[in-house]
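One letter stands for each residue in the lines below.
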There are 2 protein chains.
Amino acid sequence: MRDVARLAGVGMKTVSRVINSEPNVSATTLARVEDAIARLNYEPDVHAGSLRRTGGLTRTIGLLVGSVANPFSGSIHRAVEDVATERGFAVFASSLDEDPSRERVAVSAFLQRRVDGLILTRIGPSQGYLLPEQQHGTPLVFVDRPAVGIDADTVVSDNVGGSALATRRLLDLGHRRIAFLGDRPDIWTMGQRRQGFLEELGRAGVSTNDAPVIDHLEDEVQTYRAATALLSGPHPPSAIFSSQNLITIGVIRALRDLGLQRRVALIGFDDVPMADLLEPGISVVAQDPEAIGAAAARHLFARLDGDEEPSHTTVIPTRFIERGSGEIAPVGG
Amino acid sequence: MRDVARLAGVGMKTVSRVINSEPNVSATTLARVEDAIARLNYEPDVHAGSLRRTGGLTRTIGLLVGSVANPFSGSIHRAVEDVATERGFAVFASSLDEDPSRERVAVSAFLQRRVDGLILTRIGPSQGYLLPEQQHGTPLVFVDRPAVGIDADTVVSDNVGGSALATRRLLDLGHRRIAFLGDRPDIWTMGQRRQGFLEELGRAGVSTNDAPVIDHLEDEVQTYRAATALLSGPHPPSAIFSSQNLITIGVIRALRDLGLQRRVALIGFDDVPMADLLEPGISVVAQDPEAIGAAAARHLFARLDGDEEPSHTTVIPTRFIERGSGEIAPVGG
DNA sequence: TTGAAAGCGCTAACAA
DNA sequence: TTGTTAGCGCTTTCAA
């Protein structure tokens, strides 16, 4: 910056004024300074600026997601980025992999880079460690799952409602023995989906005690085995509600290999790529990650703009997509 | 930091030493300082530090990709992040959407935040504007496509080789009329894939003049129309090589709707999700985005570590995945 | 309309 | 082993 000032033959403060589009710079001076900036390929240092500036923003936000390689996270990321870019903010992203220790490390890395706000998918059991940061004025928005031990803005999918709706569709077709296949039950979203499923069964007067509920399915292979056993067992279900992407795929494989894909109904929570090209097409309860990301970013910037309202939870609706597999009636029913 | 020093009853420099794990701090002092840091929830400011530090790194890199919502980019991002995190670096990511103006804006945003290096998928016609930055010592690595107007490390897929291999497989099955369906031909990767295709035809002595080559297919719908017209026309091909994901999906739909999915062979460049669950499974030339990202990150850090070798282009091999659609022999052949 | 001096949070260089 | 002073690139405050 000193070089620019020297080349333009002005004081540093004048260069500063030009960079920040402040008033009180004559047209001639402005032109000279801009010329010097271009000639020297000068890029002002955002951080050096925010050091002294009152309320000094770095125009940077941090985003913590499951994994940037995961399409759900990617869509959230993109939506956040679009809002951020529009306001001249850059986005740091970090993957957590369901590992609580990474959450702390990543938050700390962002804080040390003085992000102006944080959007995060919590992993750890409590986010109380963020209280001082929140009191200090850093806006926090939780996505996908609510935080524990801290009160902050939150954006989640309508897990309970979406699951209940899927369950209702199966019940309406006449299914009475519907299986629920779930991931680790300690993951908040899984608990919600299971709850939506069981509540809807209850409302329909179907006993929830002997409803086949299988949990702890952590990947496609485990799911395949569990689904195969279930479907070949003494009391196979006539329909399956799978609570997550990878589980849905495992179930599809199991149904295929048993030749049951047109006899047993299947609805998955979370959309599956190419689902409409499979035979039958896979009916799903789709989430709206773009809407989640956009809502989270909007909340964050509202806080940055001075919004002092009490913290707010936004529930993003899910959408049922009919493609065939969820419209199979029970055999003989 | 001053507060920490005061609370611990030491000088600022001592706190600095503790933060940076420098030697010459007694165990007692260390404990007192660490206690004060914990009590005050102090997080050192990375940027303030790098301001004065000689060679001052911000331990931050910038990544420019097509879109963070795109799985190919997501995998590259993740691989880069893994290498970066291991070294205590944070990653800025930005989506370009094939828009040259966004490239400049994003690069500038990163430079103003003083990233220590840049990994980028170029979009604009020339990256000469990065020359001053490169001379200034910022390592640059281009991924997916080589840069124009600047000499820098580059990591790309083996587009020519992968396409030639796919073409050879079709030729070996007896196909002689093979169609190439491509995206915008000005995209470097498209040109390479087309070249691999045509060269292999040439090597087999098949005339490349009347080989059906259709370009400018920018989405699924355009592809569907073009493929339908081609397959219903007077001289339909017995095999199709599609040069990209979305195009492959458009072709699958067209084949399905014409009932030709088991009569016309199809090989796609780029893997397609769930491809093995389709009927027939879709054979593809798969890229390895993780390897691309990992190689790019390794090059970047090697430069940061002082590597002064001439710039180097790494070609990441592709992998042919046989799933059925590419193993269909020509009818009557 | 412009610029000089002080200071943001930190580290380099040097002294104690 | 520890602390002091100057200064990184910028903005503030205030004077010209």
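Residues numbered from 1 in each chain as written. Chains lettered and ligands numbered in written order. Predicted model: local features only at pLDDT ≥ 70, side-chain atom pairs only at ≥ 80, totals over all residues. Heavy atoms only, no water.

**Remarks on the overall build of chain A**
- Broken down by element type, chain A carries twelve helices and twelve strands.
- Against the compact-globule benchmark of 20 Å for 333 residues, chain A has a radius of gyration of 26 Å, which places it well outside the compact range.
- Along the first, second and third principal axes, the C-alpha set of chain A runs to 90 × 40 × 30 Å.
- In chain A, buried positions account for 53% of the 333 residues.
- Sequence-distant contacts, at least 24 apart, represent 66% of the contacts inside chain A between residues at least 6 apart.
- Carbon and sulfur atoms make up 50% of the accessible area of chain A, which amounts to about 14300 Å² in all.
- Computing the positive centroid from 34 side-chain charges and the negative centroid from 42, chain A places the two 3 Å apart. (Helix = DSSP H or I, 4+ residues; strand = E, 2+ residues; numbered from the N terminus. Rg over C-alpha atoms; globule rule 2.2 N^0.38 Å. Buried < 20%, exposed > 50% of the residue type's maximum accessible area, 1.4 Å probe, protein only. Contact = heavy atoms within 4.5 Å. Areas by Shrake-Rupley, 256 points an atom, 1.4 Å probe, with all protein chains shown as cover. Lys, Arg positive; Asp, Glu negative; His and termini not counted. Charge placed at Lys NZ, Arg CZ, Asp CG, Glu CD.)

**Topic: the protein's contact with DNA strand C**
- Near DNA strand C you find 25 residues, and of these Thr14, Asn24 and Thr29 of chain A together with Met1 and Tyr42 of chain B are the closest.
- Among the atoms of DNA strand C close to the protein, meaning within 4 Å, 61% are from sugar or phosphate groups.
- Ala48 of chain B has a polar backbone atom sitting 3.0 Å from a base nitrogen of DNA strand C.
- Counting residues per element, the ones that place at least two in the surface near DNA strand C are helix 2 (12-19) and helix 4 (46-52) of chain A together with helix 2 (12-19) and helix 4 (46-52) of chain B.
- With four residues, helix 4 of chain B is the single largest residue contributor to the surface near DNA strand C. (Near = heavy atom within 4 Å. Polar contact = N/O pair within 3.5 Å; in protein donor to acceptor, adjacent residues only side chain to side chain.)

**Here's the deal with the interface of chain B and chain A**
- The interface of chain B with chain A comprises 47 residues on the first partner and 47 residues on the second.
- For the chain B and chain A pair, buried surface summed over both sides reaches about 4300 Å², with 53% attributable to carbon and sulfur atoms.
- Our count for the chain B to chain A interface comes out at ten salt bridges.
- As a salt-bridge pair, Asp276 of chain A and Arg253 of chain B come within 2.9 Å of each other at their nearest N and O atoms.
- In this structure, the connection of chain B to chain A is made through 27 residue pairs in polar contact (both at pLDDT 80 or more).
- At the level of secondary structure, the elements contributing two or more residues to the side of chain B that touches chain A comprise helix 4, helix 5 (71-86), strand 2 (90-95), helix 6 (100-112) and helix 11 (245-258) of chain B.
- The class makeup of the residues in the side of chain B that touches chain A is 20 nonpolar, 13 polar and 14 charged. (Buried area = accessible area lost by both parts, 1.4 Å probe. Salt bridge = Lys/Arg side-chain N within 4 Å of Asp/Glu carboxyl O. Nonpolar A, V, L, I, M, F, W, Y, C, P; charged D, E, K, R; others polar.)

**Concerning the domain arrangement of chain A**
- Domain boundaries in chain A define domain 1 (2-35), domain 2 (54-157 + 289-316) and domain 3 (159-288 + 320-327).
- The distance between the C-alpha centroids of domain 1 of chain A and domain 3 of chain A comes to 65 Å. (Domains from an automatic or database assignment.)

**Here's the deal with the protein's contact with DNA strand D**
- Taken together, 26 residues surround DNA strand D, and among them Met1 and Lys13 of chain A together with Thr14, Asn24 and Thr29 of chain B come closest.
- Among atoms of DNA strand D positioned within 4 Å of the protein, sugar and phosphate together represent 58%.
- Side-chain polar atom of Ser16 of chain A to a phosphate oxygen of DNA strand D: 2.6 Å apart, as the coordinates give it.
- Within the side chain of Thr14 of chain B, a nitrogen or oxygen atom sits 2.5 Å from a phosphate oxygen of DNA strand D.
- When residues of the surface near DNA strand D are traced back to their parent elements, those giving at least two are helix 2 and helix 4 of chain A together with helix 2 and helix 4 of chain B.

**Some points on the side chain of Thr154 of chain A**
- Here Thr154 of chain A shows up in strand 5 (residues 153-157).
- Ignoring any residue separated from it by four or fewer positions in sequence, one finds Thr154 of chain A in contact with Phe142, Arg145, Pro146, His312, Thr313 and Thr314 of chain A.

**Considering the sheet that holds strand 10 (residues 283-286) of chain A**
All names here are of chain A.
- Spatial ordering of the open sheet is given by 7-6-8-9-10-12, a layout of six strands whose pairing is mixed. Of all strands in the sheet, those with a lone pairing partner are strand 7 (213-214) and strand 12 (319-321), marking the two edges.
- As judged from the three bridges shared by strand 10 and strand 12, these two strands associate in the antiparallel manner. Paired with Val285 across the two strands is Phe320, which belongs to strand 12.
- Contacts from helix 8 (residues 159-172) reach strand 6 (178-181), strand 8 (239-242), strand 9 (265-269), strand 10 and strand 12 within the one sheet, and its direction differs from that of strand 9 by about 170 degrees. (Pairing = 2+ DSSP bridges. Axes fitted to C-alpha atoms, helices over the stretch in contact; angles between N-to-C directions.)

**Comments concerning the pattern of salt bridges**
- Taken as a whole and judged by the stated rule, the model has 48 salt bridges over all chains.
- One salt bridge connects Asp305 of chain A with Arg87 of chain A, and the closest N-O pair in it is separated by 2.8 Å. Pair noted here: Asp305 of chain A is in the loop between helix 12 (289-304) and strand 11 (313-316) and Arg87 of chain A is in the loop between helix 5 (71-86) and strand 2 (90-95), with a separation of 218 residues, a long-range link.
- In this structure, the salt-bridge partner of Arg303 of chain A is Asp153 of chain A, at a minimum N-O distance of 2.7 Å. Highlighted residues: Arg303 of chain A in helix 12 and Asp153 of chain A in strand 5, separated in sequence by 150 residues.
- When salt bridges with common partners are traced through the structure, they connect Arg78, Glu81 and Asp82 of chain A together with Asp97 and Arg102 of chain B into a single cluster.

**Remarks on the relation of the copies chain B and chain A**
- Rotating chain B by 180 degrees and moving it 0.1 Å along the rotation axis overlays it on chain A with an RMSD of 0.1 Å. Read as a symmetry element, the transformation amounts to a two-fold axis. Proximity to the rotation axis, assessed at the C-alpha, singles out Phe92 of chain B in chain B; its C-alpha lies 2.3 Å from the axis. (Least-squares fit on C-alpha atoms with pLDDT ≥ 70 in both.)

**Topic: unusual backbone geometry**
- Glu279 of chain A connects to Pro280 of chain A through a cis peptide bond whose omega is 0 degrees.
- Within the secondary structure layout, Pro280 of chain A lies in the loop between strand 9 and strand 10.
- Non-glycine residue Asp270 of chain A carries a positive phi angle of around 95 degrees.
- Along the polypeptide, Asp270 of chain A turns up in the loop between strand 9 and strand 10.
- Accessibility expressed as a relative area gives 13% for Asp270 of chain A, which makes it buried.
- Positive phi, close to 65 degrees, is recorded for Met274 of chain B, a residue that is not glycine.
- Within the secondary structure layout, Met274 of chain B lies in the loop between strand 9 (265-269) and strand 10 (283-286).

**Topic: the environment of Leu255 of chain B**
Residues and elements named next belong to chain B.
- Following the sequence through the fold, Leu255 ends up in helix 11.
- The sequence separation of Leu255 and Val91 amounts to 164 residues, and the corresponding C-alpha distance is 42 Å.
- Among residues more than four places away in sequence, those in contact with Leu255 are Leu231, Leu260, Gln261, Val264 and Leu266.

**Describing the environment of Val91 of chain B**
Residue and element names in this part refer to chain B.
- Relative to the assigned elements, Val91 resides in strand 2.
- Residue Val91 is classed as buried on the basis of its relative accessible area of 3%.
- Considered as a pair, Val91 and Gly117 are 26 residues apart in the sequence and their alpha carbons are 10.0 Å apart.

**Considering the packing of aromatic side chains**
- Summed over the entire model, instances satisfying the criterion amount to eleven aromatic pairs over all chains.
- Ring geometry for Phe180 of chain A and Phe197 of chain A: centres 5.3 Å apart, planes at 35 degrees, overall tilted. Within this pair, whereas Phe180 of chain A is found in strand 6, its partner Phe197 of chain A is found in helix 9 (residues 188-203), the two being separated by 17 residues in sequence.
- Between Phe180 of chain B and Phe241 of chain B, the ring centres sit 5.9 Å apart and the planes meet at 50 degrees, which makes this aromatic pair tilted. With a gap of 61 residues between them, Phe180 of chain B in strand 6 (residues 178-181) and Phe241 of chain B in strand 8 (residues 239-242) connect regions that are remote in the sequence. In terms of burial, Phe180 of chain B and Phe241 of chain B fall into one category: buried.
- Aromatic rings pair up to connect Phe92 and Phe110 of chain A together with Phe92 and Phe110 of chain B into one cluster.
- Positioned above the aromatic ring of Tyr129 of chain A is the side chain of Arg104 of chain A, whose terminal nitrogen or guanidinium carbon lies 3.9 Å from the ring centre. (Phe/Tyr/Trp six-rings, centres within 6.5 Å; stacked < 30°, edge-to-face > 60°. Lys NZ or Arg CZ within 6 Å of the ring centre and 35° of its normal.)

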